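A look at the structure
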Amino acid sequence: MRRLVPVLLVVLAAALAAGGASAQCPADAAAGPVREATARLQAVHAEDMDTEVPAAARARLATLKARLADLADAEMGCAGPDARAEDVQADLQRLAGLDGGDESPGAGYGRGLDFAVRRWPGGRIGIVATVGIQCGSDASLFVFERTPDGWREAIRWQAPPYAQVSGGFEAFDYALSPPGPDGRWFAVAKSVTPWCSSTWAQIRWAILRPGLSPAAPRVLRAATESIWWGGDDTGSVEAGERTAELRWHAESIDTDVHNRPWIRRFVVDEDAARRIAPVAETPRDFADEWIVTPWREAAAWTAPAARRPSAALHDRLRRLHFLSYTSLRACPAGLVQVALEKDGARYFLRVSEGPDYRLVSVARRPDPRCRGPNQLPEPEPQ
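Residues numbered from 1 in each chain as written. Predicted model: local features only at pLDDT ≥ 70, side-chain atom pairs only at ≥ 80, totals over all residues. Heavy atoms only, no water.

1. Thoughts on the packing of helix α5 (residues 283-292) against helix α7 (residues 307-320)
Spelled out, the test is: Angles shown run from 0 to 180 degrees and are taken between the N-to-C directions of axes, each axis being a line fitted to C-alpha atoms and, for helices, limited to the stretch in contact. Each helix is a run of DSSP H or I of at least 4 residues and each strand a run of E of at least 2, with the numbering of both proceeding from the N terminus. For classification, angles of less than 35 degrees are called roughly parallel, those exceeding 145 degrees roughly antiparallel, those between 65 and 115 degrees roughly perpendicular, and all remaining angles oblique. The contact criterion used is simple: two residues touch if any of their non-hydrogen atoms lie within 4.5 Å. Throughout this entry, Asp, Glu, Lys and Arg are counted as charged residues, while Ala, Val, Leu, Ile, Met, Phe, Trp, Tyr, Cys and Pro are counted as nonpolar. The remaining residues, Gly among them, count as polar.
Direction vectors running N to C along α5 and α7 enclose 95°, while the axes themselves pass 8 Å from each other. As the angle between them shows, α5 and α7 are arranged roughly perpendicular. Seen from α5, the contacting residues are Trp-290, Ile-291 and Val-292; seen from α7, they are Ser-310, His-314, Leu-317 and Arg-318. Of the residues in the contact of α5 with α7, the class split is four nonpolar, two polar and one charged.

2. Topic: the pattern of salt bridges
Formally: A pair is scored as a salt bridge if a Lys or Arg side-chain nitrogen falls within 4 Å of a carboxyl oxygen belonging to Asp or Glu. Buried, partly exposed and exposed residues are distinguished by accessible area as a fraction of the type maximum, computed with a 1.4 Å probe on protein chains only: under 20%, between the cut-offs, and over 50%, respectively.
Within the structure shown, the criterion is met by 25 salt bridges. The salt bridge partner of Glu-52 is Arg-58, with a shortest N-O separation of 3.1 Å. On the basis of relative accessibility, which here comes to 35%, the residue Glu-52 falls in the partly exposed class. Of the residues examined, Arg-58 reaches a relative accessible area of 36% and is grouped as partly exposed. The closest approach of N and O atoms between Asp-271 and Arg-218, which form a salt bridge, is 2.2 Å. Of this pair, Asp-271 sits in the loop between β11 (260-268) and β12 (273-275) while Arg-218 is found in strand β8 (residues 216-228), placing the two residues 53 residues apart along the sequence. Connected through shared salt-bridge partners, Arg-221, Glu-225, Arg-260, Arg-264, Arg-275, Asp-288, Glu-289 and Glu-297 make up one network.

3. Considerations on the side chain of Gln-337
Checked against the element boundaries, Gln-337 lands in strand β14 (residues 335-342). The class for Gln-337 is buried, based on a relative accessible area of 4%. When near neighbours in sequence (up to four residues on either side) are disregarded, Gln-337 contacts Ser-327, Leu-328, Arg-329, Cys-331, Phe-348, Leu-349, Arg-350, Pro-366, Asp-367 and Cys-370.

4. A look at the sheet that holds strand β7 (residues 200-213)
Paired through backbone hydrogen bonds, the strands of a sheet run either parallel or antiparallel to each other. Threshold: We treat two strands as partners when DSSP finds at least two bridges between them.
What the four strands build is an open sheet, ordered β5-β6-β7-β8; its pairing is antiparallel. The sheet is open, and its two edges are formed by β5 (170-176) and β8, each paired on a single side. In this sheet, neighbouring strand axes are inclined to one another by 15° on average, regardless of whether the strands run parallel or antiparallel. Pairing of β5 with strand β6 (residues 187-192), which is carried by five bridges, proceeds in the antiparallel orientation. Bridge assignment links Glu-170 to a residue of β6, and that residue is Val-192.

5. With respect to the side chain of Glu-297
Inclusion rule: Two N or O atoms form a polar contact when they lie within 3.5 Å of each other; inside protein one atom must be a possible hydrogen donor and the other a possible acceptor, and for residues adjacent in sequence the pair counts only when both atoms belong to side chains.
Among the structural elements, Glu-297 can be located in helix α6 (residues 295-298). Of note is the side chain of Glu-297, whose polar atom sits 2.6 Å from the side chain of Arg-221. Within the local environment of Glu-297, its side chain forms a polar contact with the side chain of Arg-275, the two groups lying 3.4 Å apart. When neighbours within four sequence positions are excluded, Glu-297 is seen to be in contact with Arg-221 and Arg-275.

6. Quick notes on the nonpolar core
Most often, soluble globular proteins have nonpolar side chains that are buried together. Basically, it comes down to this: For our purposes a nonpolar core is just a set of buried Ala, Val, Leu, Ile, Met, Phe, Trp, Tyr and Cys residues, chained together by side-chain atoms within 4.5 Å.
The biggest cluster of nonpolar side chains holds 75 residues, and the ones touching the most others in it are Phe-115, Ile-127 and Ile-207. Tallying contributions element by element places helix α3 (residues 55-78) first for this core, with nine residues. Counting 25 residues, the second largest nonpolar core, distinct from the first, contains Ala-280, Trp-290, Ala-298 and Tyr-357.

7. Section: the pairing of β7
One ladder, built from six bridges, connects β6 with β7; its direction is antiparallel. Note on β7: the bridge partner recorded for Ala-187 is Leu-208. Pairing analysis gives eleven bridges linking β7 to β8, with the strands arranged antiparallel. Residue Leu-208 lies in a different strand from β8, and its bridge partner there is Val-219. Hairpin geometry of β7 and β8 is characterised by an intervening segment of two residues between the two adjacent antiparallel strands.

8. A closer look at the state of the cysteines
Put simply, the test is: Two cysteine sulfur atoms make up a disulfide if the distance between them is within 2.5 Å.
Evaluation of the coordinates by the stated rule reveals two disulfides. The disulfide partner of Cys-135 is Cys-196, and the gap between their sulfur atoms is 1.9 Å. Around the S-S axis, the bridge from Cys-135 to Cys-196 shows a dihedral of about 95° and counts as right-handed. Here Cys-135 is found in the loop between β2 (124-133) and β3 (136-147), whereas its partner Cys-196 is found in the loop between β6 and β7, with 61 residues between them in sequence. You can call Cys-135 buried: its relative accessible area is 18%. In this model Cys-331 forms its disulfide with Cys-370; the gap between the sulfur atoms is 2.0 Å. For the disulfide bridge between Cys-331 and Cys-370, the dihedral angle about the S-S bond is near 105°, and by the sign convention the bridge is right-handed. Placement of Cys-331 in strand β13 (residues 324-331) and of Cys-370 in the segment after β16 (359-363) is noted, with a sequence separation of 39 residues between them. Residues Cys-331 and Cys-370 agree in their burial class; the two are buried.

This is the structure in structure tokens:
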């Protein structure tokens, strides 16, 4: 009997340890509130094509998003250091009661709840929870970082409360940079504004670092800009160790061009994101970008000798905004002359070849040395 006592104590201790670990894992307890909040949101009546978010939906959507954050935190509290993204995703789906039904976002509120989990190099896991709203969807991002004490939430990125469906994070995507030599990293996130009609919308993007709390990340740079996603191209995001890049399609200042690629590339320092080349893919698109961009930024893409004489014409062209391109001709020294006009007034921009395009001059008269054939393509069909 004495020999059995130590063995029984070991078995009992192991059982207690296992039971204690289970008791410390709150994911199952966090699942019930998610299911309840989802059901309450789905019970909200929504009129077809109504872009106004009912008051009840606003409150219940906020509750669901808070419960999803609790669930993600609880799930990662149970995860080991080598947790696999597919296992975390499957567990979240199970806990939320998702059975693979055919519910899809875009029909009422609370439909199509889904999770997408990705493991990133450097000991980080990103969880995106997406829920349907009227005419679209809304996504929440939770980024967890591995620490000696377990997984810790580093960034939480969600849409603030909104009264119109356009406030949701539709077509959400993100990327995490590799950790730098000091271990610091950043996130690049983008979303498109949902709406019940039109393929023209707005893209919202942000470059974020972890802040004082997960729900208050440091926003290094952010903007809301135009996007055309009629071709189901909702844009792309990339993050390098010190660079961030977003690309999408939106309007041209040329009334004969339906859309063009827009590029936002940045070098990310400690506390700021500074725009760098490429800013466009062609001389014509560079002329577009130079005109529509505020002078404080466009000046950096202008040859130093041309900055003072170019500033006034830049402001004039920016106020005109929509112009017509008339020619694109090669010049000596590898330059290209882009010609535009508006109400009979003509403007000529000489641009250096890319990919690091630079404005060499802007004038009201053409440079006679630019005698190459007109390379301007035929107008695109509208």
